[in-house]
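A closer look at the structure
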2 protein chains.
Amino acid sequence: MFEWLFGRRRRAKAPVLGSRLDAIGAADRIDLSDLTPDLVSFLGQTAYLELAVFQSLSRVVAEAPNLAIKEGISVVAGEALAKHQGLVAELRKKKVDPAVAMQPFTQAIDQFEVLTRGRDWYETLLGIYITAGFLDDFFARLVTGLPRTVAARVSEVLTTAGSDSVIIAALREGMEADPDLGARLALWGRRLVGDTQLVARSAIAASDTAEGIHRRIEPVFTDLLGAHSRRMDELGLTA
Amino acid sequence: MFEWLFGRRRRAKAPVLGSRLDAIGAADRIDLSDLTPDLVSFLGQTAYLELAVFQSLSRVVAEAPNLAIKEGISVVAGEALAKHQGLVAELRKKKVDPAVAMQPFTQAIDQFEVLTRGRDWYETLLGIYITAGFLDDFFARLVTGLPRTVAARVSEVLTTAGSDSVIIAALREGMEADPDLGARLALWGRRLVGDTQLVARSAIAASDTAEGIHRRIEPVFTDLLGAHSRRMDELGLTA
């Protein structure tokens, strides 16, 4: 369904990475480095993903229910844009035209954006929060397969903590005002995480049998679903 | 028509400002300091203006004709957001809630945004470029009436050079592809500058007779129209 993957392989052995990346989390122990797309594909894909997140958040800003929330979400939009710009800067360092690197991924990411657009402002905001959170985490796990010099910087871009509290406050405010919203958001969150896993799965390099990939990616997904559950918990929702 | 002005007066005498502000230009010599709105109104108004510019640019990003332009204009959108955030930071330093400070100006600025929205992507982009350029210049001239400690920082926020070349390239690309676009944009530019002057005029503090204000503001407008003409010139358009 999602053809994010353009199976160009990079060299099979991952470099051993320094302390900076150890901060990412426990699933570092699972070596996914041969599943990492080549550098330009990785950067093109993540750069366009962050640009799409920025665009979605900009729409959320434009349609915010009040000025305080508008102001708050504009900060989050700026953070997504900064991530995009950080990844684009890496492409430029490699003398790669960012537009050319991003182009192969636009269609699938645009489709995913449409799919995860909610029926109202709150669903859309939850959608961005949940999917961008999951995918940032996921790509951060694949960073170990990038060349050593780039990996630390890219990891830092992807794992920079955002202003989640603004999103949480806005969603909580909506749920307080509308008693039905919580149940709707819980359902929506569950649907999103399924679609997001499909997208993540399609982003990796096909360097193993489907069975082999499945076996290795499952523990990572389990980890990422833990982070997802914590995000839902903070909203008072069951994942 | 535009009621940006909430006539709260600040103390009449402007502080003498340092070398940083001398860089703004010749019209510094015309003392407009008693026309400057009080600090919170100034910051609320400019902060919301930049937020509106950011929102307009985000829409331009979303609808960009190609990925290279999308990427380029996203940088410009980020610059407008950074201006907004710089002005919001000044409000926070004064322990003023940014949403409260911006609220009085939302309606007029939203109306202005609708008025300056073009019939197509290129007109809209020209509209943002021309109106934001003029108004940034205009508010930068009023900075001399702000308290000394804030003035230099606000001036720096407002006069930070943006990625104009990206906008110019996008508009030129459009005019090359469509021979009728140039004439349409020239006309649109002329209409915009009239509306923008009305908005600028409505933003100042009413500390003089209408006649007196007119006499003093005219040389400033003449200056700003010079900058406007240079912007249009760079596009190969007659102002």
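Just above sits the structure.
What counts and how
- Residues numbered from 1 in each chain as written.
- Chains lettered and ligands numbered in written order.
- Predicted model: local features only at pLDDT ≥ 70, side-chain atom pairs only at ≥ 80, totals over all residues.
- Heavy atoms only, no water.
- Helix = DSSP H or I, 4+ residues; strand = E, 2+ residues; numbered from the N terminus.
- Buried < 20%, exposed > 50% of the residue type's maximum accessible area, 1.4 Å probe, protein only.
- Contact = heavy atoms within 4.5 Å.
- Areas by Shrake-Rupley, 256 points an atom, 1.4 Å probe, with all protein chains shown as cover.
- Buried area = accessible area lost by both parts, 1.4 Å probe.
- Salt bridge = Lys/Arg side-chain N within 4 Å of Asp/Glu carboxyl O.
- Polar contact = N/O pair within 3.5 Å; in protein donor to acceptor, adjacent residues only side chain to side chain.
- Phe/Tyr/Trp six-rings, centres within 6.5 Å; stacked < 30°, edge-to-face > 60°.
- 1 Å grid on protein atoms, 1.4 Å probe; cavity = no way out; pocket = protein on both sides within 12 Å on 5 of 7 lines; lining within 4 Å.
- Points joined across faces, edges and corners; volume = space filled by probe spheres on them.
- Least-squares fit on C-alpha atoms with pLDDT ≥ 70 in both.
- Expected span 1.5 Å × (residues − 1).
- Bend = angle between axes of the 7 residues up to and from the residue.
- Axes fitted to C-alpha atoms, helices over the stretch in contact; angles between N-to-C directions.
- Left-handed = near helix turned anticlockwise from the far one by under 90°.
- Nonpolar A, V, L, I, M, F, W, Y, C, P; charged D, E, K, R; others polar.

1. So, the overall build of chain A
On a plain count of helices and strands, chain A comes out with nine helices and zero strands. Starting at the N terminus and ending at the C terminus, chain A contains elements arranged as α-α-α-α-α-α-α-α-α. Taken over 239 residues, chain A has a buried fraction of 58%. Summarising the internal contacts of chain A: among those between residues at least 6 apart in sequence, 83% fall at separations of at least 24. Carbon and sulfur atoms provide 54% of the accessible area of chain A, an area that totals close to 10100 Å².

2. Re the interface of chain B and chain A
Listed as interface residues are 24 residues of chain B and, on the opposing side, 24 residues of chain A. If you sort the residues of chain B by the area they bury against chain A, B:Gln55, B:Leu67 and B:Glu71 come out on top, with a joint share of 32%. Where chain B touches chain A, the interface holds two salt bridges. Notably, a salt bridge pairs B:Glu71 with A:Arg92, separated by 3.9 Å at the nearest N-O pair. Our count for the chain B to chain A interface comes out at five residue pairs in polar contact (both at pLDDT 80 or more).

3. Some points on the packing of aromatic side chains
A ring pair, where both rings are aromatic, is described by two values, the distance of the centres and the angle of the planes. The final tally for this structure, using the stated rule, is 11 aromatic pairs over all chains. Relative to A:Phe139, the ring of A:Phe138 lies with its centre 5.7 Å away and its plane at 70°, an arrangement referred to as edge-to-face. Looking at A:Phe138, the relative accessible area reads 0%, which means it is buried. Ring geometry for B:Phe138 and B:Phe221: centres 5.8 Å apart, planes at 50°, overall tilted. Here B:Phe138, found in helix H5 (residues 121-142), pairs with B:Phe221, found in helix H9 (residues 210-234); they are 83 residues apart in sequence, far enough to count as distant. Ring pairs connect the aromatic residues A:Phe42, A:Phe134, A:Phe138, A:Phe139 and A:Phe221, which therefore count as one cluster.

4. Let's talk about unusual backbone geometry
Residue A:Lys95 is not a glycine yet carries a positive backbone phi of 60°. Inspection of the secondary structure puts A:Lys95 in the loop between helix H3 (67-93) and helix H4 (98-115).

5. A short note on the pattern of salt bridges
Following the criterion strictly, the structure yields 24 salt bridges over all chains and no others. B:Asp195 is the salt-bridge partner of B:Arg191, the closest N and O atoms lying 3.7 Å from each other. Of this pair, B:Arg191 and B:Asp195 are both found in helix H8 (residues 181-202), four residues apart, which corresponds to roughly one turn of the helix. According to the relative accessible area criterion, B:Arg191 is partly exposed, its value standing at 44%. Counted as one network, the salt bridges with shared partners bring together A:Arg119, A:Asp120, A:Glu123 and A:Arg184.

6. Thoughts on the layout of surface pockets
Residue and element names in this part refer to chain A. Within this model, the largest pocket holds a volume of roughly 720 Å³. Surrounding the largest pocket, 31 residues form its lining, Lys83, Gly133, Asp136, Thr160 and Asp164 being those nearest its centre. Of all the secondary-structure elements, those providing two or more residues to the lining of the largest pocket are helix H2 (39-62), H3, helix H5 (121-142), helix H6 (148-159), helix H7 (164-177) and helix H9 (210-234). Among the elements that take part in the lining of the largest pocket, H5 stands out by supplying eight residues, more than any other.

7. Comments concerning the relation of the copies chain B and chain A
Note on the identical chains: chain B maps onto chain A by a rotation of 180° and an axial translation of 0.0 Å, with an RMSD of 0.0 Å. A rotation of that kind, with that shift, is consistent with a two-fold axis. Of the interface residues in chain B, 100% have counterparts in chain A that sit at the interface too, so the contact is made through matching surfaces.

8. Topic: the side chain of A:His228
Residue and element names in this part refer to chain A. With respect to the helices and strands, His228 occurs in helix H9. A relative accessible area of 3% places His228 in the buried class. In this structure, His228 is in contact with Ile130, Gly189, Val193 and Ala239, ignoring residues within four places of it in sequence.

9. Overview of H9(A)
All names here are of chain A. Between its terminal C-alpha atoms H9 stretches 35 Å, which fits the 36 Å expected from 25 residues at 1.5 Å a residue. Residue Ile217 marks the point of greatest curvature in H9, where the axis turns by about 35°; the proline Pro219 follows within four residues. Taken residue by residue, H9 has Gly212, Ile213, Arg216, Ile217, Val220, Phe221, Leu224, Ala227, His228, Arg231 and Met232 as its buried positions. Contacts made by the buried residues of H9 are with H5 and helix H8 (181-202). Where H9 terminates, the next one or two residues include Gly236, which has phi positive at roughly 75°.

10. Digging into the side chain of B:Ser163
Residue and element names in this part refer to chain B. By the secondary structure assignment, Ser163 is in the loop between helix H6 (148-159) and helix H7 (164-177). Within the structure, the side chain of Ser163 is placed 2.6 Å from the side chain of Glu79, a separation counted as a polar contact. If near-sequence neighbours (up to four positions away) are discounted, Ser163 is found in contact with Val75, Val76 and Glu79.

11. Describing the environment of A:Ala239
Residues and elements named next belong to chain A. Along the chain, the position of Ala239 falls in the segment after H9. Note: C-alpha distance between Ala239 and Leu185 (54 residues apart in sequence) is 9.9 Å. Setting aside residues up to four positions removed in sequence, Ala239 forms contacts with Arg190, His228, Ser229 and Met232.

12. As for the packing of H3(A) against H7(A)
All names here are of chain A. In contact at an axis separation of 9 Å, H3 and H7 are set at 145° when each is read in the N-to-C sense. For the crossing formed where H3 meets H7, the hand is left-handed. Residues Ile69, Gly72, Ile73 and Val76 of H3 lie in contact with H7, whose contacting residues are Val166, Ile167, Ala170 and Glu173. Looking at the contact of H3 with H7 residue by residue, the class counts come to six nonpolar, one polar and one charged.

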